[in-house]
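# Overview (structure and organization)
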Amino acid sequence: MHAFLDAPAVARTLAPDEPVILNRPHAAARAARFFATKFPGKSLYAVKANPSPDLVQILWDNGITHYDVASIAEVRMVRGVLPDATLCFMHPVKTASAIREAYFKHGVRTFSLDTIEEVEKIVEATTDAEGNRATDLRLCVRLRVSSEYSELSLASKFGVDVADAGELLQATRQVADWLGVCFHVGSQAMTPFAYVQALERARAAIAAAGVVIDMVDVGGGFPSSYPGMEPPPLEDYFAIIHRHFEALPIAYNAELWCEPGRALSAEYNSLIVKVEKRRGDELYINDGAYGALYDAAHVAWRFPVKAIGRVDKHGDAERSSELKEFSFYGPTCDDADFMEGPFLLPADIKAGDWIEVGMLGAYGAAMRTAFNGFGGGEVVLAQDEPMASLYTGRKDPRVSDNVVSLR
Ligand SMILES: *Cc1c(COP(=O)(O)O)cnc(C)c1O
């Protein structure tokens, strides 16, 4: 893979007509070390945020030993890259064949569930040909919690209601060698209070069940930094989660887990797109709703942008310093291929210019499709810093603008 100093160097050298993904291994390594050393428990990487084998290897090399996988293809991919990693199958609705292959072929022991039917399915799929039941199952009951403090909800699809959780925990305890409780507060949780509220639900479920709990998994949701969404320091989340975990009625040796996807991968990628046409304050670019900018189109996510400028043999052209708000159209023929933004760019931006879109490591690079013949393009290495970082330590962790005080 070609290495460049930064996005302007890529544009100068390649003059790319197709979108280019920039990988920043140093940024992903820094995020991994941060979680591995500062989270007061075990951090699992949620592979769906960015299933790049290169990224998975970087995270492993920097202390992430456990991986949250949700499909048999993710199981096979991570196992292929990392023979010694611990894989946890955290999708509460799985097919029996996926469970069987994960258990017998890939050494997966940890599975999540939110119904008694799924418990029965897991038990059956992990019973061997002689009819011997598995005695080493590590099962996690997924609770339904609120997503009200998060930018993207994960509240309605999965999770047993707290009112029914006691019974499900008791039934699961009968067949599990090790029993956990898990939840997901929604992605990009903008305050640590999201986890406090969820841990209160976990407390109610655990109290109702009256069984031994070996692990509490607070899921993903840890934020990254985007325009208009600058979260409090992650240290605040870790401290508050730890304090409320310690107060739960669980065994003294119970484990605390988390499953960050976005926070471990967002800084890993940016994207260079080309402006093909300008119509007023609308720019027609070559990535969009069916590409890495999926979230920009579908949930109006605002990613940071930087104009690279028209590049000629004399280098970067002069650029207007005045910034203006633009929206984007993607390359396909679909009207829905539209990204409202607003994206702040130089007022004189025009066809032929390039734009770097930052913070696309999470739910960005992973979302590209080949719809309408688009979706190609190179992947290169970049050595500069991502457009924003939660891990450069420039912010004093004791000073935080919008954290709800819970002390
Ligand atoms: C998507 C997902 C994650 C990762 O969520 P982020 O908000 O990206 O941190 C973790 N756990 C489960 C079960 C998920 O579905």
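Residues numbered from 1 in each chain as written. Predicted model: local features only at pLDDT ≥ 70, side-chain atom pairs only at ≥ 80, totals over all residues. Heavy atoms only, no water.

### Overview of the overall build of the protein
- Helices and strands together make up the secondary structure of the protein, namely eleven helices and 21 strands.
- Over its C-alpha atoms the protein spans a radius of gyration of 23 Å, differing by no more than 12% from the 22 Å that the globule rule assigns to 407 residues.
- Seen along its three principal axes, the alpha-carbon backbone of the protein occupies a region of about 70 × 50 × 40 Å.
- Taking all 407 residues of the protein together, 54% fall into the buried category.
- In the protein, the proportion of contacts linking residues at least 24 apart, taken out of those at least 6 apart, comes to 75%. (Helix = DSSP H or I, 4+ residues; strand = E, 2+ residues; numbered from the N terminus. Rg over C-alpha atoms; globule rule 2.2 N^0.38 Å. Buried < 20%, exposed > 50% of the residue type's maximum accessible area, 1.4 Å probe, protein only. Contact = heavy atoms within 4.5 Å.)

### Topic: the sheet that holds strand E7 (residues 138-142)
- The parallel closed barrel is built from eight strands, whose spatial order is E3-E4-E5-E6-E7-E9-E11-E12. Neighbour to neighbour, the strand axes of the sheet diverge by 25° on average, direction disregarded.
- Strand direction decides the pairing type here: strand E9 (residues 178-182) and strand E11 (residues 215-217), joined by three bridges, are parallel. Paired with cysteine 182 across the bridge in E11 is aspartate 217. (Pairing = 2+ DSSP bridges. Axes fitted to C-alpha atoms, helices over the stretch in contact; angles between N-to-C directions.)

### Thoughts on the environment of threonine 95
- Turning to its location among the elements, threonine 95 is positioned in the loop between strand E5 (86-89) and helix H5 (96-106).
- Threonine 95 sits 85 residues away from glycine 180 along the chain, and the two C-alpha atoms are 21 Å apart.

### Some remarks on the domain arrangement of the protein
- According to the domain assignment, the protein contains domain 1 (3-22 + 267-382) and domain 2 (26-265).
- Distance between the C-alpha centres of domain 1 and domain 2: 34 Å.
- Every contact between the two is made by 16 residues of domain 1 and, on the other side, 23 residues of domain 2.
- Here domain 1 and domain 2 share an interface that buries about 1,600 Å² over both sides, 60% of which is from carbon and sulfur atoms.
- The largest share of the area that domain 1 buries against domain 2 comes from Tyr268, Trp301 and Tyr363, three residues that together contribute 45% of it.
- On the surface where domain 1 and domain 2 come into contact, there are one salt bridge.
- Its salt-bridge partner being glutamate 267, residue arginine 30 comes within 3.8 Å of it at the nearest N-O pair.
- Linking domain 1 to domain 2 there are five residue pairs in polar contact (both at pLDDT 80 or more). (Domains from an automatic or database assignment. Buried area = accessible area lost by both parts, 1.4 Å probe. Salt bridge = Lys/Arg side-chain N within 4 Å of Asp/Glu carboxyl O. Polar contact = N/O pair within 3.5 Å; in protein donor to acceptor, adjacent residues only side chain to side chain.)

### Focus on the site of the ligand
- Taken together, 13 residues sit near the ligand, with Lys48, Ser187, Glu259, Arg262 and Tyr363 positioned nearest.
- Contact between the ligand and histidine 184: an oxygen atom at 2.8 Å from a side-chain N or O atom of the residue.
- One of the side-chain nitrogen or oxygen atoms of serine 187 is found 2.5 Å away from an oxygen atom of the ligand.
- For the shell around the ligand, a count of residues per class yields three nonpolar, five polar and five charged. (Near = heavy atom within 4 Å. Nonpolar A, V, L, I, M, F, W, Y, C, P; charged D, E, K, R; others polar.)

### Regarding the packing of helix H8 (residues 193-209) against helix H9 (residues 234-246)
- Running from amino to carboxyl end, H8 crosses H9 at an angle of 15°, the nearest separation of the two axes being 9 Å. In terms of axis orientation, H8 runs roughly parallel to H9. You can see that H8 and H9 cross each other, and the crossing is right-handed. Residues Tyr195, Val196, Leu199 and Glu200 of H8 form the contact with H9, whose own contacting residues are Tyr237, Ile240, Ile241, His244 and Phe245.
- Residue composition of the contact of H8 with H9, by class: seven nonpolar, one polar and one charged. (Parallel < 35°, antiparallel > 145°, perpendicular 65-115°, else oblique. Left-handed = near helix turned anticlockwise from the far one by under 90°.)

### Examining unusual backbone geometry
- In this structure, proline 342 follows glycine 341 across a cis peptide bond, with omega equal to 5°.
- Mapped onto the elements, proline 342 comes out in strand E19 (residues 338-346).
- If you check the backbone angles, alanine 15 has positive phi at about 40° while not being a glycine.
- Tracing the chain through its elements places alanine 15 in the loop between helix H1 (7-14) and strand E2 (20-23).
- Residue classification places alanine 15 among the partly exposed residues on the basis of a relative accessible area of 41%.

### Thoughts on H5
- Taken as a whole, H5 has its buried residues at Ala98, Ile99, Ala102, Tyr103 and His106. In a view along the axis of H5, the buried residues occupy a sector of 125°, so they form one face of it.
- Contacts made by the buried residues of H5 are with helix H4 (72-81), E5, strand E6 (110-113) and helix H6 (116-125).
- Just beyond H5, the residue with positive phi is glycine 107, at close to 70°. (Arc of directions from axis to C-beta.)

### Details of the pairing of E2
- Neither face of E2 is left uncovered, since the one carrying Val20 and Leu22 and the one carrying Ile21 and Asn23 both have all their residues buried.
- Pairing analysis gives four bridges linking E2 to strand E13 (residues 269-279), with the strands arranged antiparallel. Directly across from isoleucine 21, in E13, lies its bridge partner leucine 271.
- Note: E2 against strand E21 (residues 379-382), three bridges, orientation parallel. Along E21, the bridge assignment pairs leucine 22 with valine 380.

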